[in-house]
Amino acid sequence: KSICVVGLGYIGLPTAVMFANHGHKVHGVDVNEKAVTMIQNKELHIEENGLQERLNMAIDGGMLTASMKPEEADVFIIAVPSPIKADKTAELEYVRKATASVVPFLKKGNLVILESTVPPRTVEDVMMPELVQSGLEIGTELFVSHSPERVIPGRVFQELVTNDRIIGGINEESARLTSELYASFVEGKMHETDATTAELVKVMENTYRDVNIAFANELAMIAQGINVNIWEAIKLANYHPRVNIHTPGPGVGGHCIAVDPWFLVELDPEKSKLIHLARKTNDGMPSYTAQLTADILNAKGIKDPKIAVLGLAFKGNIDDMRESPSVEVVSQFRERGMKLTAHDPHIKVNNLPEQTQSFDEAIQDASALVVLTDHQAFRDIDPTTLTNVANKIIIDTKNCINREKWEAAGFDVYLLGD
Ligand code: SAJ
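Predicted model, so just to flag it, every value in this text is computed and none were measured. (Residues numbered from 1 in each chain as written. Predicted model: local features only at pLDDT ≥ 70, side-chain atom pairs only at ≥ 80, totals over all residues. Heavy atoms only, no water.)

Draft legend 1. Geometry of the pattern of salt bridges. Under the criterion given, the structure shown has 23 salt bridges. Among the ionic pairs, Asp125 bridges to Arg121, the shortest N-O distance being 2.9 Å. Judged by relative accessible area, Asp125 falls into the partly exposed class, the value being 46%. Here the salt bridges do not stand alone but share partners, grouping Glu93, Arg96 and Glu130 into one network. (Salt bridge = Lys/Arg side-chain N within 4 Å of Asp/Glu carboxyl O. Buried < 20%, exposed > 50% of the residue type's maximum accessible area, 1.4 Å probe, protein only.)

Draft legend 2. Main features of the packing of helix α1 (residues 12-21) against helix α3 (residues 51-60). Contact geometry for α1 and α3: axes closest at 9 Å, N-to-C directions at 50°. Accordingly, the angle class assigned to the pair α1 and α3 is oblique. Crossing of α1 over α3 shows left-handed handedness. Side by side, α1 and α3 meet where Leu13, Pro14, Val17, Ala20 and Asn21 of the first sit next to Leu51, Arg54, Leu55, Met57 and Ala58 of the second. (Axes fitted to C-alpha atoms, helices over the stretch in contact; angles between N-to-C directions. Helix = DSSP H or I, 4+ residues; strand = E, 2+ residues; numbered from the N terminus. Parallel < 35°, antiparallel > 145°, perpendicular 65-115°, else oblique. Left-handed = near helix turned anticlockwise from the far one by under 90°. Contact = heavy atoms within 4.5 Å.)

Draft legend 3. Looking closely at the UniProt feature "domain: UDP-glucose/GDP-mannose dehydrogenase C-terminal" (unreviewed entry) in the protein. Per the UniProt record, "domain: UDP-glucose/GDP-mannose dehydrogenase C-terminal" (unreviewed entry) is found at residues 308-403. Regarding residues 308-403, the helix share stands at 22% and the strand share at 17%, and the terminal C-alpha atoms are separated by 18 Å. (UniProt positions renumbered as here; feature names shortened; annotations may be inferred.)

Draft legend 4. Fine view of empty space enclosed by the protein. For the coordinates displayed, the defined rule picks out one cavity of 30 Å³ or more. Taken as a whole, the largest cavity spans an internal volume of roughly 40 Å³. Partitioned by chemical class, the residues of the lining of the largest cavity number two nonpolar, one polar and five charged. (1 Å grid on protein atoms, 1.4 Å probe; cavity = no way out; pocket = protein on both sides within 12 Å on 5 of 7 lines; lining within 4 Å. Points joined across faces, edges and corners; volume = space filled by probe spheres on them. Nonpolar A, V, L, I, M, F, W, Y, C, P; charged D, E, K, R; others polar.)

In structure tokens form, the structure reads like this:
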């Protein structure tokens, strides 16, 4: 088939490359001219394991082209951002514009697939009004579906193949055609349903995690009050065959787990109280983390402390700082008038004034080290080498360092939830 992929970000580009590597002629479209040029030159504008060689193969094989404009194709895949606005309502303008951009190229028999994660009813209420302007009869001359992506950054090319897919068609023929297309590389099962159900399923998956994480965070705050190590307690509780409590942390980052639940709150604010409260609990963790640090330093009589924040990415071993709770923790420290440095070995540019690329500089004269991201690099630190700190105190909000090793080196180790 010939495929036009609109949106060449961390989902669209790997998907375009995957189809190109499996015999389809793919044309990629993005509004970001720099990204288009880089792709044409086989350069990466996003990090993903295995992407470079697959992009080279697609371009060199003449199976992938890229520009800022759509072209005629058998299938159109839309994978553009669907963020929330400052008021926590969904921003669907990119989805609407991307849909409108392909309408002039639509022909009888075409299939349009939305991959972006969206509030339920986006296909019906946002895409359909644009698609009907093609003059094609929807469902018989033009097929439409929603198949949300569920790959995890860092493992995209494995999960594109092994994950099951939800295939939500506006009718059965649309679902069938969509399953047939993904069968080019998907080895997981295809679960067919209608488009609105598929939209809700995807949002449910991420909301499940957000609510579960909020539960773990609340347990951590309760455990703190009775001197129980919540990490130990959760590990023990999860030995129960039907219990899977997630882990606490300094907040929930990224543009998925922290975003998708808001789609449900907006959809039905009256009935989404638990979901809304979980969002507030998770968004309160940066402040809780800053206060916990301040309380520990006060208890030790440390005046005018200098904090070394370790970890700015929103989760371990990646370089993505978007929506990272660490940024909120830093501003909470600032609000408390605490001096600080910040360091993350994966973030190669200084996005914060206090950020330094040098670990040694970051910990120089530090009153306490505060770990906010569970990077492997932090697990590998040898604490006996940290001779330039002012106090041997570490607050590990991700329970990622080896406590015995650090205590043997003379550090007081605090966990979030202990
Ligand atoms: N986090 C916790 N405690 C936990 C798990 C995560 O505090 O027990 C925090 C992380 O530190 C991070 C945030 O939550 O800040 C999100 O991390 P994540 O790895 O759970 O989520 P994402 O955003 O990297 O990817 C999720 C995945 N969805 C699910 O796991 C249900 C992924 O499969 C989706 O494809 C992705 O959202 C998406 O695109 O929707």
